[in-house]
Each structure stands twice: as C-alpha cells, then as structure tokens.
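What follows is each chain in one-letter form.
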Amino acid sequence: MMNAKQEEIIWKSLDGFEIEIPSWGFAQTGTRFGKFVQPGAALTIEDKMSDAGQVHKLTGCCPAVAVHVLWDFPNGKQSAKEVAALAGKYGVRIGAINPNVFESQQYKYGSLGNPNPEIRQAALQHILDSIDIATETGSRNISLWFGDGSNYPGTANIRRRRAWFAEALHTAHERLIQGEQLLVEYKPFEPAFYHTDIADWGMALLLARAAGPQARVLVDTGHHYQAQNIEQIVAWLLAEGMLGGFHFNDRRYADDDLTIGSIDPYQVFRIFHEIHYFTWETASEPLIGYTIDQSHNLKPKIEETIQTAMTAQELYAKAALVDCEALAYHQEHCNLIDAEECLKAAFATDVRPVIEAWRLSKGLPGNPLTAYRESGYQQ
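Computed from a predicted structure; not experimentally measured. (Residues numbered from 1 in each chain as written. Predicted model: local features only at pLDDT ≥ 70, side-chain atom pairs only at ≥ 80, totals over all residues. Heavy atoms only, no water.)

Quick word on the overall build of the protein chain
If you tally the helices and strands in the protein chain, you get 14 helices and 12 strands. Relative to the 2.2 N^0.38 estimate, which gives 21 Å for 379 residues, the radius of gyration of the protein chain is 21 Å and therefore close to what a compact globule would have. Residues classed as buried in the protein chain amount to 55% of the 379 residues present. Carbon and sulfur atoms form 53% of the exposed surface of the protein chain, whose accessible area is close to 17800 Å². On the protein chain, the mean spot of the 32 positive side-chain charges and the mean spot of the 47 negative ones are 4 Å from each other. (Helix = DSSP H or I, 4+ residues; strand = E, 2+ residues; numbered from the N terminus. Rg over C-alpha atoms; globule rule 2.2 N^0.38 Å. Buried < 20%, exposed > 50% of the residue type's maximum accessible area, 1.4 Å probe, protein only. Areas by Shrake-Rupley, 256 points an atom, 1.4 Å probe, with all protein chains shown as cover. Lys, Arg positive; Asp, Glu negative; His and termini not counted. Charge placed at Lys NZ, Arg CZ, Asp CG, Glu CD.)

Here it is in structure tokens:
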C-alpha cells in the first residue's frame, strides 16, 4: 500500500509534468514501402489542432503541439499567427518548431553540410525563417535534425562539413530572442550509413556550444545503438547544463518510433529517474522539453497518442517515487543490492489509482482512453 507521502509526491510530479504531442502523429503516415490509410486521419492543420485538443482535454498533460514547418505552415511565416490561433481555438498552444532540411531534392548531398554554398545558404535561410515562426508563435524550442552524411568512404570532407555546421548554427543562434533555444539532435545512422554529420551526443554537444549559450542537445530515445545506456547520456548532459529536450519513442531494432514504453518501459523510467535525481541533488529544476515523436502507422492515431501520454505520466510518477536520500546513502556505501532495490521498488509501484484520483480532481476522466472511445469523436 502506498502511504500519504508517496501519494503527495505523485500528485506534485503530475502537476508539473507536460509532454508535447506531434502534429505529424495525427496525419496519414507510412513507411518506405507504403502508406496504410486510416479513417479520420487529419487532413489539414486545423484537423491536427482539433485532434491535439482532444488529447489534452482528456489527459491534462499535453498543452502544446510540436509542429513541422513544411507540413504545418503552407504559407510560410505569413501563416504563423493563423496556426497559433487555430491551436488556441482547440485549447492548446504551439510548441517546438521543426524545420525541414531533409526532404527537398536539393538536399540529396546534404543541407548545412552540402558542398554547394548556395544549398547551404538555402538550408540556413529555412532555419532562420523557422526561428522567426517560433518568435511569432511564442515557441521556446527550435528542434534541429539533419539527415546529412555520406554513404561511402572518401566521398565527403568530414572536417570541412563539421566547420560548415558550426558556422551556420552560430548564425542561426544570432537570430534567437531571449527565451528561445536551439535544440541540436543527433542520430548514428539513416539516411547516411557511412558517416552522419551529427552522429552522437558528443558531436551535438560540441556543435551546440559552437552555436552559442541558447543552444542545447535534444535526445531522441530511438537514435542510439542497441544496448546504449541512454540514461548515462542524460546524466552527463544534465551535469554539463546541456540537456534541452527529448523526442520520446521506443524501438526494437533501431529508430523504429514505436509507442513509448511498449518495448522497454524500465528504460524510460530510468531516464526520468536521472532527471528527478539531478533535481533532488542540485535543488534546481532543469528546463527540459518533453516531446513525443512516434510513427502512428498501425495503431489508431489519437488513441495511440492518448496511450502514450498516459504511459509517460505513469513512468514519470514512478520515477518520482525513488527514495533519493536512501539511494544516495546506499551508493556512497556501495550497498549494491539496496541501491538497485530503490529503483526496482519504485518501478514496481502501481501508480495508476493515484493518477486516476489526480485526473478526477482536475475534472478529467479517470481513464482518458476509455473516455475517448466513448466520446464519439472518432466517428
């Protein structure tokens, strides 16, 4: 049985927890091999905001929508205020702004790492325009992912490309206003399979520092090799003051973008624990953007997003239950079993009844997924 103190800890953790949902998760999506069309998938930006509003209305933890510039701003900067107004209409706000420097044919050989200076400038201009959109929508984060790299040895000047990236990101950083930040994402492979220009957290860290003080690293939980200790990366970035945000998903092989916690919920728990532990040790709350980034190809899109938000709340609450004082003591005295049991006991705790009570106190349905299915919204 949970005691009153534990219930209070869970309650407080839920009050402070928010996770952004991706606009692209509501639209028709597919794989390299084809697209499986779902009835009711969003066709317009207003559809996406309406769907996102439903998720937040039922879960209470998804007040912001991460958007994609090319997919969600068809008229460019001119539509930024219009999109922000649509979000407000459905009870949400615009979250992270995601530029696109990987789809256009001109990026066949890279964007900021392209040998052609005109293409590098075009990619930079798109990023600058995206920062302007963030300013208009009041968004804090501009999330940068690059598919740049090469597939064969000797076909790219790796050091020169690194310098081009550093120079362009520094220029982009100068466009930021106070309160905004660049989040530099990394990925070990795909679509580049010999070398990727930003292949790991160390490269992302160095480029973020080259950009300027308002740049941080973004950790996508799918962008790692098998058996990578992601929570160690999180701990190091926290220690360096360079952890800016997450793209949460799960994976079986590589960047599979499966539903959060569907394969390894204990890993997500451990990541959240490192953040809670850092907060306890330093008495400071790191400013971290939590965002969902999944491929909703087979599961019903809105239901999968609700399921994801519910799972994130559960794992975040479980991590908050770790007895940090006891853990620190056992670590200091090398009590290995007792230290590990601090984590296992928290992870094994069924937090769902307390989360349900929290929801009901906020005027939310006790089970958001059931409430959605009964709402008739999908029909």
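From this point, things continue past the structure.
Re a nonpolar patch on the surface
Taken together, the side chains of Leu-70, Trp-71 and Phe-102 define a hydrophobic patch exposed on the protein surface, amounting to about 280 Å² of accessible area. Checked against the element boundaries, Trp-71 lands in helix 3 (residues 69-72). Judged by its relative accessible area of 38%, Trp-71 falls in the partly exposed class. (Patch = residues over 30% accessible without salt bridge, like charges linked within 9 Å, V, L, I, M, F, W, Y side chains within 5 Å. Salt bridge = Lys/Arg side-chain N within 4 Å of Asp/Glu carboxyl O.)

What to know about the packing of helix 11 (residues 324-332) against helix 12 (residues 336-348)
Interaxial distance between helix 11 and helix 12 falls to 8 Å at its minimum, and their mutual angle equals 155 degrees. Looking at the two axes, helix 11 sits roughly antiparallel to helix 12. Where helix 11 crosses over helix 12, the handedness of that crossing is left-handed. From helix 11, Ala-326, Leu-327, His-330 and Gln-331 reach across to helix 12, where they touch Asp-338, Ala-339, Cys-342 and Leu-343. Across the contact of helix 11 with helix 12, the residue classes tally to five nonpolar, two polar and one charged. (Axes fitted to C-alpha atoms, helices over the stretch in contact; angles between N-to-C directions. Parallel < 35°, antiparallel > 145°, perpendicular 65-115°, else oblique. Left-handed = near helix turned anticlockwise from the far one by under 90°. Contact = heavy atoms within 4.5 Å. Nonpolar A, V, L, I, M, F, W, Y, C, P; charged D, E, K, R; others polar.)

Some thoughts on the nonpolar core
Soluble globular proteins tend to bury their nonpolar side chains together. Met-49, Phe-246 and Tyr-290 are the most contacted members of the largest nonpolar core, which totals 103 residues. For this core, the element with the most residues is helix 10 (residues 301-320), which contributes nine residues. Aside from chain neighbours lying at most four places away, what touches Phe-246 is Leu-218, Val-219, Val-234, Ile-271, Ile-275, Ile-288, Gly-289, Tyr-290 and Thr-291. (Core = buried A, V, L, I, M, F, W, Y, C linked by side-chain atoms within 4.5 Å.)

Focus: the environment of Tyr-377
Checked against the element boundaries, Tyr-377 lands in the segment after helix 14 (368-375). Beyond its immediate stretch of four places on either side in the chain, Tyr-377 contacts Ser-50, Asp-51, Gln-54, Ile-302 and Tyr-372. Of the polar contacts made by the side chain of Tyr-377, one reaches the side chain of Asp-51; its length is 2.6 Å. (Polar contact = N/O pair within 3.5 Å; in protein donor to acceptor, adjacent residues only side chain to side chain.)

Observations regarding the environment of Glu-118
As for its placement among the helices and strands, Glu-118 is situated in helix 5 (residues 117-137). Here the alpha-carbon distance between Glu-118 and Gln-106, two residues 12 residues apart in the chain, equals 9.9 Å.

A closer look at the pairing of strand 12 (residues 289-292)
Burial along strand 12 is two-sided: the residues Gly-289 and Thr-291 and Tyr-290 and Ile-292 are all buried. Considered for its hand, the β-α-β crossover made up of strand 11 (residues 243-248), helix 9 (residues 265-282) and strand 12 is right-handed. (Right-handed = clockwise from strand over helix to strand, strands pointing away.)

Observations regarding unusual backbone geometry
The residue after Glu-190, namely Pro-191, is reached through a cis peptide bond having omega 5 degrees. Within the fold, Pro-191 resides in the loop between strand 8 (181-185) and strand 9 (195-196). Of note, the phi angle at Glu-190 is positive, near 80 degrees, even though the residue is not glycine. Tracing the chain through its elements places Glu-190 in the loop between strand 8 and strand 9.

As for the side chain of Thr-308
Within the fold, Thr-308 resides in helix 10. Residue classification places Thr-308 among the buried positions, given a relative accessible area of 0%. Apart from residues lying up to four places away in sequence, Thr-308 is in contact with Thr-259, Ile-260, Ile-292 and Gln-294.

Observations regarding helix 7 (residues 201-211)
Within helix 7, the full set of buried residues consists of Ala-204, Leu-205, Leu-207, Ala-208 and Ala-211. Next to the buried residues of helix 7 lie helix 6 (158-173), strand 8, strand 10 (215-220) and helix 8 (230-240). The backbone nitrogen of Gly-202 has a side-chain oxygen 3.0 Å away, supplied by the residue at the start of helix 7, namely Asp-200. The first or second residue beyond helix 7 is Gly-212, which carries a positive phi of 145 degrees.

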